[in-house]
Amino acid sequence: MKIQKVMVIGAGQMGGGIAQICAQAGYDVLLNDLQEDSLDRGLTVMEKNLSRQVGKGKLTTEEKEAALNRIIRSTNLDDASGADIVIEAAVENMTVKTEIFKKLDKFAPAHAILATNTSSLPITEIAAATKRPEKVIGMHFMNPVPVMKLVEIIRGLATTNEVYTRVEEMTKSLNKTPVEVNDFPGFVSNRVLMPMINEAIYTLFEGVASKEAIDDVMKLGMNHPLGPLELADFIGLDTCLSIMEILHEGFGDSKYRPCPLLRKYVKAGWLGKKTGRGFYIYE
């Protein structure tokens, strides 16, 4: 069955971005969140993003309005009854995600694919919360979603080839590049990226160099667009810590042990750009 109606769970940075690109690609979108004010914020950010594209000549005003008109607000998970695919982009917490998937399994039609935008949690475990594990899959979009081309598509143990193919085709229709990944902690992106960020934090923790020097080495010496500490602030230090803990638990290898300085900053509430302070201070 062709995917026409998409439900996105979570109107935050990731969910809002996913809803935006789906609407731009011509899909009918249900954007779901628990709170009306979260939907308000998500749609405001979306409108600003689309207006910026109009200003740059990448989009017409008519195309912007058409995309926004394809998005319907939702605060009830039972709205999944009309979806062909549900893409969950809630908080990176296994308990929260499995509870959502149990409910989606109940409300979504039998043909619907249930996808998760998790950046590191096991797809197989999330799928086990449903009675349709063969229709559960990972779609890990990169942040910021409207800009970044990559989507990691992660098969769970039971995911069928048919479901994978339909999700791959949908990803291409969003003007994204799908990459097939197997279900291991952190997948590819965060298994490679997060230990690098964690090691940069250790380098700061041990007094090897200042934060500016560490970031400059990686930007000027390795041609990275952002230094690892700047990138950590952008991602969110709480998210970085959560992923490192998942890697550490999943592999049982000390090389994934989160740096004590990362833990300290998270406990202090210094989570990066979203709180105004992380490794750097933001106005």
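For clarity, every value in this text was computed on a predicted model and none was experimentally measured.

Some words on the overall build of the protein chain
So, step 1. Across its full length, the protein chain holds 11 helices and 8 strands.
So, step 2. Computed over its C-alpha atoms, the radius of gyration of the protein chain comes to 19 Å, within 12% of the 19 Å expected for a compact globule of 283 residues.
So, step 3. Viewed in the frame of its principal axes, the protein chain has a C-alpha envelope of about 55 × 45 × 30 Å.
So, step 4. The buried share of the protein chain, taken over its 283 residues, is 48%.
So, step 5. A fraction of 67% describes how many contacts in the protein chain between residues 6 or more apart in sequence connect residues 24 or more apart.
So, step 6. Carbon and sulfur atoms make up 53% of the accessible area of the protein chain, which totals about 13,700 Å².
So, step 7. Both charge centroids of the protein chain, one from 33 positive and one from 36 negative side chains, sit 1 Å from each other.

Side note on the pairing of strand β6 (residues 136-141)
So, step 1. Among the 6 residues in β6, 6 count as buried, and that is most of the element.
So, step 2. The side-chain alternation of β6 yields two buried faces, one formed by V136, G138 and H140 and the other by I137, M139 and F141.
So, step 3. Bridge count for strand β5 (residues 113-116) against β6 is 3 bridges, and the pairing is parallel. Pairing of L114 across the sheet is with V136, part of β6.
So, step 4. Bridge analysis of β6 against strand β7 (residues 150-155) gives 5 bridges, and the strand direction is antiparallel. Bridge assignment links M139 to a residue of β7, and that residue is I153.

Some points on a positive patch on the surface
So, step 1. A cluster of basic side chains, namely K48, R52, K56 and K58, defines a positive patch on the protein surface.
So, step 2. Inspection of the secondary structure puts K58 in the loop between α2 (36-55) and α3 (61-69).

Regarding the pairing of strand β4 (residues 85-88)
Sheet faces and side chains relate simply in a regular strand, where the side chains alternate between the two faces.
So, step 1. Side chains I85 and I87 of β4 all project onto a buried face; the interleaved residues V86 and E88 project onto the opposite face, where all are buried too.
So, step 2. Of the strand pairs in this sheet, strand β1 (residues 5-9) and β4 are connected by 4 bridges, and their pairing is parallel. Considered in β4, the bridge of V6 is made with I85.
So, step 3. Once the chain exits β4 it traverses helix α4 (residues 94-107) before rejoining the sheet at β5, and the crossover so formed is right-handed.

Focus on the packing of aromatic side chains
So, step 1. Under the defined criterion, the tally for this structure stands at 4 aromatic pairs.
So, step 2. Arranged with centres 5.2 Å apart and planes meeting at 80 degrees, the rings of Y265 and W270 form a pair that is edge-to-face.
So, step 3. Pairwise contacts between aromatic rings join Y265, W270 and F279 into one cluster.
So, step 4. If you follow R155 out to its NZ or CZ, it ends over the ring of Y164, 4.4 Å from the centre.
So, step 5. One Lys or Arg, R277, reaches over the ring of W270 and ends 3.7 Å from the middle of that ring.

Regarding the packing of helix α7 (residues 189-205) against helix α10 (residues 237-251)
So, step 1. Across the interface, α7 lies against α10 with an axial gap of 10 Å and an inter-helix angle of 115 degrees. Classified by the interaxial angle, the pair formed by α7 and α10 is roughly perpendicular. When you trace α7 past α10, the crossing you get is left-handed. Residues N190, R191, M194, P195 and N198 of α7 lie in contact with α10, whose contacting residues are C240, I243, M244, L247 and F251.
So, step 2. Broken down by class, the residue content of the contact of α7 with α10 amounts to 7 nonpolar, 2 polar and 1 charged.

Focus on the domain arrangement of the protein chain
For an interface, size is often stated in terms of accessible area lost upon the parts coming together.
So, step 1. If you check the domain split of the protein chain, you get domain 1 (5-182) and domain 2 (190-274).
So, step 2. On a C-alpha basis, the centres of domain 1 and domain 2 stand 27 Å from each other.
So, step 3. Counting residues at the interface gives 7 residues for domain 1, matched by 5 residues for domain 2.
So, step 4. Buried area between domain 1 and domain 2, summed over both chains or domains, comes out near 510 Å², and the portion from carbon and sulfur atoms is 56%.
So, step 5. The tally of links between domain 1 and domain 2 comes to 0 salt bridges.
So, step 6. Connecting domain 1 to domain 2 are 1 residue pair in polar contact (both at pLDDT 80 or more).
So, step 7. Residue classes in the side of domain 1 that touches domain 2 are distributed as 2 nonpolar, 4 polar and 1 charged.

Observations regarding the UniProt feature "binding site: NAD(+)" (unreviewed entry) in the protein chain
So, step 1. Cross-referencing UniProt, the feature "binding site: NAD(+)" (unreviewed entry) maps to G10, A11, G12, Q13, M14, G15, D33, E92, K97, S119, N143 and K274 in the present numbering.
So, step 2. Assignment of secondary structure puts G10 in the loop between β1 and α1 (13-24).
So, step 3. A relative accessible area of 11% places G10 in the buried class.
So, step 4. Excluding residues that lie within four positions of it along the chain, G10 makes contacts with G15, G16, L31, N32, D33 and A89.
So, step 5. Position of K97 relative to the elements: it lies in helix α4.
So, step 6. When its relative accessible area of 1% is taken as the criterion, K97 is described as buried.
So, step 7. For K97, the residues in contact, after removing those within four places along its chain, are E88, A90, V91, E92, T116, T118, L121 and I126.

Calculation rules
Residues numbered from 1 in each chain as written. Predicted model: local features only at pLDDT ≥ 70, side-chain atom pairs only at ≥ 80, totals over all residues. Heavy atoms only, no water. Helix = DSSP H or I, 4+ residues; strand = E, 2+ residues; numbered from the N terminus. Rg over C-alpha atoms; globule rule 2.2 N^0.38 Å. Buried < 20%, exposed > 50% of the residue type's maximum accessible area, 1.4 Å probe, protein only. Contact = heavy atoms within 4.5 Å. Areas by Shrake-Rupley, 256 points an atom, 1.4 Å probe, with all protein chains shown as cover. Lys, Arg positive; Asp, Glu negative; His and termini not counted. Charge placed at Lys NZ, Arg CZ, Asp CG, Glu CD. Pairing = 2+ DSSP bridges. Patch = residues over 30% accessible without salt bridge, like charges linked within 9 Å, V, L, I, M, F, W, Y side chains within 5 Å. Salt bridge = Lys/Arg side-chain N within 4 Å of Asp/Glu carboxyl O. Right-handed = clockwise from strand over helix to strand, strands pointing away. Phe/Tyr/Trp six-rings, centres within 6.5 Å; stacked < 30°, edge-to-face > 60°. Lys NZ or Arg CZ within 6 Å of the ring centre and 35° of its normal. Axes fitted to C-alpha atoms, helices over the stretch in contact; angles between N-to-C directions. Parallel < 35°, antiparallel > 145°, perpendicular 65-115°, else oblique. Left-handed = near helix turned anticlockwise from the far one by under 90°. Nonpolar A, V, L, I, M, F, W, Y, C, P; charged D, E, K, R; others polar. Domains from an automatic or database assignment. Buried area = accessible area lost by both parts, 1.4 Å probe. Polar contact = N/O pair within 3.5 Å; in protein donor to acceptor, adjacent residues only side chain to side chain. UniProt positions renumbered as here; feature names shortened; annotations may be inferred.

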